[in-house]
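The primary structure of each chain is shown beneath.
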Amino acid sequence: MYWIIYSLSVICISYSLLRKNKFYNELSIFVFVLFVTPAQIDPSNNYYAPAIWTFFFNFVFEQTISIRPLRPLALTLPLCIIVLLLYSFFKKR
């Protein structure tokens, strides 16, 4: 239930911030992927949270810089960029 509310709020925020931009569709998808990519909070349990916030809260509150929460972003963001480039290439044709 929380993921649905969080996803809808990310969609609304990205729409309101980027609606006047020339590359609205591409940037909205990129922002959505950036903020919704899940990462495990702790390796010993199966609880997930958005990767960007997990990294940020680990850095601020636990004062540790762990790359583990950013691994899912390192996989999904290049894939998202490739898909968006392919989309724009075929859209022009």
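Residues numbered from 1 in each chain as written. Predicted model: local features only at pLDDT ≥ 70, side-chain atom pairs only at ≥ 80, totals over all residues. Heavy atoms only, no water.

Caption draft 1: Seen up close, the overall build of the chain. Each helix and strand counted, the chain has four helices and two strands in total. Each helix and strand of the chain, placed in order from N terminus to C terminus, yields the pattern α-α-β-β-α-α. Once the C-alpha set of the chain is aligned to its principal axes, its extents read approximately 50 × 25 × 25 Å. Working note: accessible area of the chain is about 7200 Å², and carbon and sulfur atoms make up 72% of it. (Helix = DSSP H or I, 4+ residues; strand = E, 2+ residues; numbered from the N terminus. Areas by Shrake-Rupley, 256 points an atom, 1.4 Å probe, with all protein chains shown as cover.)

Caption draft 2: Structural context of the packing of helix 2 (residues 24-36) against helix 4 (residues 71-92). Put simply, helix 2 and helix 4 touch, their axes get as near as 10 Å, and they point 165° apart. Judged by the angle between their axes, helix 2 and helix 4 are roughly antiparallel. In this structure, helix 2 meets helix 4 at a crossing whose hand is right-handed. Together, E26, I29, F30, V33 and L34 of helix 2 and L73, T76, L77, C80, I81, L84, Y87 and K91 of helix 4 make up the contact between the two elements. In terms of residue class, the contact of helix 2 with helix 4 is built from 10 nonpolar, one polar and two charged. (Axes fitted to C-alpha atoms, helices over the stretch in contact; angles between N-to-C directions. Parallel < 35°, antiparallel > 145°, perpendicular 65-115°, else oblique. Left-handed = near helix turned anticlockwise from the far one by under 90°. Contact = heavy atoms within 4.5 Å. Nonpolar A, V, L, I, M, F, W, Y, C, P; charged D, E, K, R; others polar.)

Caption draft 3: Up close: unusual backbone geometry. Look at Q63: it is not a glycine, yet its phi comes out positive at around 55°. Summarising the element assignment, Q63 is placed in the loop between helix 3 (51-61) and helix 4.

Caption draft 4: Geometry of a nonpolar patch on the surface. A surface patch of nonpolar side chains, amounting to about 820 Å² of accessible area, comprises W53, F56, F57, F59, V60, F61, I65 and I67. As for its position among the elements, F56 is in helix 3. (Patch = residues over 30% accessible without salt bridge, like charges linked within 9 Å, V, L, I, M, F, W, Y side chains within 5 Å. Salt bridge = Lys/Arg side-chain N within 4 Å of Asp/Glu carboxyl O.)

Caption draft 5: Quick peek at the environment of W53. Mapping W53 onto the fold places it in helix 3. Separated by 29 residues in the primary sequence, W53 and Y24 place their C-alpha atoms 24 Å from one another. Apart from residues no more than four positions distant in its own chain, W53 is found in contact with Y6 and F35.

Caption draft 6: Molecular detail of the packing of helix 1 (residues 2-18) against helix 2. Between helix 1 and helix 2, the shortest axis-to-axis distance is 10 Å and the interhelical angle comes to 145°. Relative to helix 2, helix 1 is oriented so that their crossing is right-handed. Across the interface between the two elements, W3, Y6, S7, V10, I11, S14, Y15 and L18 of helix 1 pack against Y24, L27, S28, V31, F32, F35 and V36 of helix 2.

By themselves, these figures tell us nothing about what the structure is for.
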